[in-house]
Amino acid sequence: QVQLVESGGGLVQAGGSLRLSCSGSGRIFSLNRMGWYRQAPEKQRELVATITSGDSTYYADSVKGRFTISRDNAKNAVFLQMNNLKPDDTGVYYCNAYPVLPSHWGQGTQVTVSS
């Protein structure tokens, strides 16, 4: 069983930056396309960005140009650099494979952006 642990969230003013980290055990990072997801209050969880094992990336339109996803397979880690944060970026951020592996959701990390 792979446990994914997210960290790096916090409270930041609009325009600020945060760097999220996701680490875990197992082979999931080296074999799978990984993604960052977020869930705003009273909204469904949505895909933010993905990265393949070959470092090809995808970004949701809402974060394109502001967020950067990266990975370190040797350390079983995925990162999300978030710049120019907006209040709409507020939510709990999770990492998981893409497509998701439902049994591997972690606790997430809270990101709150104040205006």
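Use the structure listed above.
To keep things clear, this report deals only with the structure shown in the data block. The model shown is predicted, which means the values in this text are computed figures rather than measured ones. The residue count restarts for each chain, going from 1 along the sequence in the order it is written. Whole-chain, interface and lining totals are the exception, using all residues; otherwise, since this is a predicted model, local features are given only for residues with pLDDT of at least 70 and side-chain atom pairs are given and counted only at 80 or more. Side-chain descriptors were evaluated using all non-hydrogen atoms of the structure, hydrogens and water having been removed beforehand.

### Some words on the state of the cysteines
In plain terms, two cysteine sulfur atoms within 2.5 Å form what is called a disulfide here. For the coordinates displayed, the defined rule picks out one disulfide. A sulfur-sulfur distance of 1.7 Å marks the disulfide that ties Cys22 to Cys95. The sign of the S-S torsion, about 45°, decides the handedness of the disulfide formed by Cys22 and Cys95: right-handed. Taken together, the positions of Cys22 in strand 3 (residues 18-24) and Cys95 in strand 9 (residues 91-97) put the pair 73 residues apart, joining distant regions of the chain. With respect to burial, Cys22 and Cys95 carry one shared label: buried. To qualify as a helix, a DSSP run of H or I must reach at least 4 residues; to qualify as a strand, a run of E must reach at least 2; elements of each kind are numbered from the N terminus. Burial classes follow relative accessibility: with a 1.4 Å probe on protein chains only, a residue under 20% of its type's maximum area counts as buried, one over 50% as exposed, and anything between as partly exposed.

### A look at the nonpolar core
Side chains of nonpolar character tend, in soluble globular proteins, to be buried together. What we call a nonpolar core is a set of buried Ala, Val, Leu, Ile, Met, Phe, Trp, Tyr and Cys residues that are connected through their side-chain atoms within 4.5 Å. Residues Trp36, Val48, Phe67, Ile69, Leu80, Met82 and Tyr93 are the most contacted members of the largest nonpolar core, which totals 26 residues. Of all the secondary structure elements, the ones that give two or more residues to this core are strand 3, helix 1 (28-31), strand 4 (34-39), strand 5 (46-51), strand 7 (67-72), strand 8 (77-82), strand 9 and strand 10 (109-114). Contacts are assigned to residue pairs with any non-hydrogen atoms lying within 4.5 Å of each other. Setting aside chain neighbours within four positions, we find Val48 in contact with Trp36, Tyr37, Arg38, Tyr58, Tyr59, Ala60, Val63, Phe67, Leu80 and Tyr93.

### Focus on the sheet that holds strand 2 (residues 10-13)
For two strands to pair, DSSP has to find at least two bridges joining them. Reading across the sheet, the six strands line up as 2-10-9-4-5-6 and stay open at both edges, with mixed pairing between neighbours. Here the strands that pair on one side only, and so sit at the sheet edges, are strand 2 and strand 6 (57-59). Taken pair by pair, the neighbouring strands of this sheet meet at an average axis angle of 25°, ignoring direction. The pairing of strand 2 with strand 10 spans four bridges and is parallel. Across the sheet, residue Gln13 finds its bridge partner in strand 10, namely Ser114. Axes here mean lines fitted to C-alpha atoms, for a helix over just the part in contact, with angles spanning 0 to 180 degrees between N-to-C directions.

### Some remarks on unusual backbone geometry
That bond from Tyr98 to Pro99 is cis: its omega, -5°, falls within 30 degrees of zero. Within the secondary structure, Pro99 sits in the loop between strand 9 and strand 10. For Asn76, which is not a glycine, the phi torsion comes out positive at approximately 50°. The topology assignment puts Asn76 in the loop between strand 7 and strand 8.

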